[in-house]
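One letter stands for each residue in the lines below.
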Amino acid sequence: KQWYQRRVRGDYRDDEGNATVYWWKLKAVQFIFVVVFEHFVFTVVRCIDLLIPDIPEKLEALIHLEDSFAREMMKEVIEVDLEQLEDMRKRIEVKRRQRSKYA
């Protein structure tokens, strides 16, 4: 009867007030349950994360298309800039030659 009363009350101390072995085993089982359940939840969340894509396929294709278009535009801008730079160098060279004729 005394064991039953202690279990119902949740008092797992011996007569001296120290925690019993049963209490320590109970706490160990509770801790193990929490750790196992936590890992189970993390595993399920990770599986769901792997199965469901972050970005829809259509949006990913559109982003890829936009990136390639931007790269092409940058190539054209760089080519135009290089052509303009070359033209500018030629004009400067002509002006230098004209100045050297009059100097």
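Above this text is the structure in question.
Residues numbered from 1 in each chain as written. Predicted model: local features only at pLDDT ≥ 70, side-chain atom pairs only at ≥ 80, totals over all residues. Heavy atoms only, no water.

(A) How the structure looks around the overall build of the chain. Broken down by element type, the chain carries three helices and zero strands. Listed N to C, the secondary structure of the chain is α-α-α in terms of helices and strands. Roughly 10,400 Å² of accessible area belongs to the chain as shown, and the carbon and sulfur atoms make up 62% of that amount. (Helix = DSSP H or I, 4+ residues; strand = E, 2+ residues; numbered from the N terminus. Areas by Shrake-Rupley, 256 points an atom, 1.4 Å probe, with all protein chains shown as cover.)

(B) Up close: the packing of aromatic side chains. Summed over all chains, the structure comprises three aromatic pairs. Ring centres of Trp23 and Trp24 lie 4.6 Å apart, and the angle between their planes is 80°; this geometry places the pair in the edge-to-face category. Take Trp23: its relative accessible area is 26%, and that puts it in the partly exposed class. Owing to a relative accessible area of 55%, Trp24 belongs among the exposed residues under this scheme. A centroid spacing of 6.0 Å and a plane angle of 15° characterise the contact between Phe33 and Phe37, whose relative ring orientation is stacked. Here Phe37 and Phe33 lie together in helix α2 (residues 21-51), a separation of four residues that amounts to about one turn. Phe33 gets classed as exposed once you look at its relative accessible area, which sits at 55%. (Phe/Tyr/Trp six-rings, centres within 6.5 Å; stacked < 30°, edge-to-face > 60°. Buried < 20%, exposed > 50% of the residue type's maximum accessible area, 1.4 Å probe, protein only.)

(C) The arrangement of a nonpolar patch on the surface in detail. A surface patch of nonpolar side chains, amounting to about 1,100 Å² of accessible area, comprises Phe33, Val34, Phe37, Phe40, Val41, Phe42, Val44, Val45, Ile48, Leu51 and Ile52. Tracing the sequence through the fold places Val41 in helix α2. By relative accessible area, Val41 is classed as partly exposed at 35%. (Patch = residues over 30% accessible without salt bridge, like charges linked within 9 Å, V, L, I, M, F, W, Y side chains within 5 Å. Salt bridge = Lys/Arg side-chain N within 4 Å of Asp/Glu carboxyl O.)

(D) Region of interest: the pattern of salt bridges. Going through the model one piece at a time under the given rule, you end up with two salt bridges. We note a salt bridge from Arg46 to Asp49, for which the minimum N-O separation is 3.4 Å. Note that Arg46 and Asp49 are positioned in helix α2 at a spacing of three residues, about one turn of the helix. Residue Glu93 pairs with Arg97 through a salt bridge whose shortest N-O separation is 3.8 Å. Placement of both Glu93 and Arg97 in helix α3 (residues 57-102) is noted, with a separation of four residues, approximately one turn of the helix.

(E) Region of the structure containing a positive patch on the surface. Taken together, the side chains of Arg91, Lys95, Arg96 and Arg99 present a region of like positive charge at the surface. Residue position: Lys95 is located in helix α3. (Lys, Arg positive; Asp, Glu negative; His and termini not counted. Charge placed at Lys NZ, Arg CZ, Asp CG, Glu CD.)

Read these as layout, nothing more, since geometry by itself doesn't imply function.
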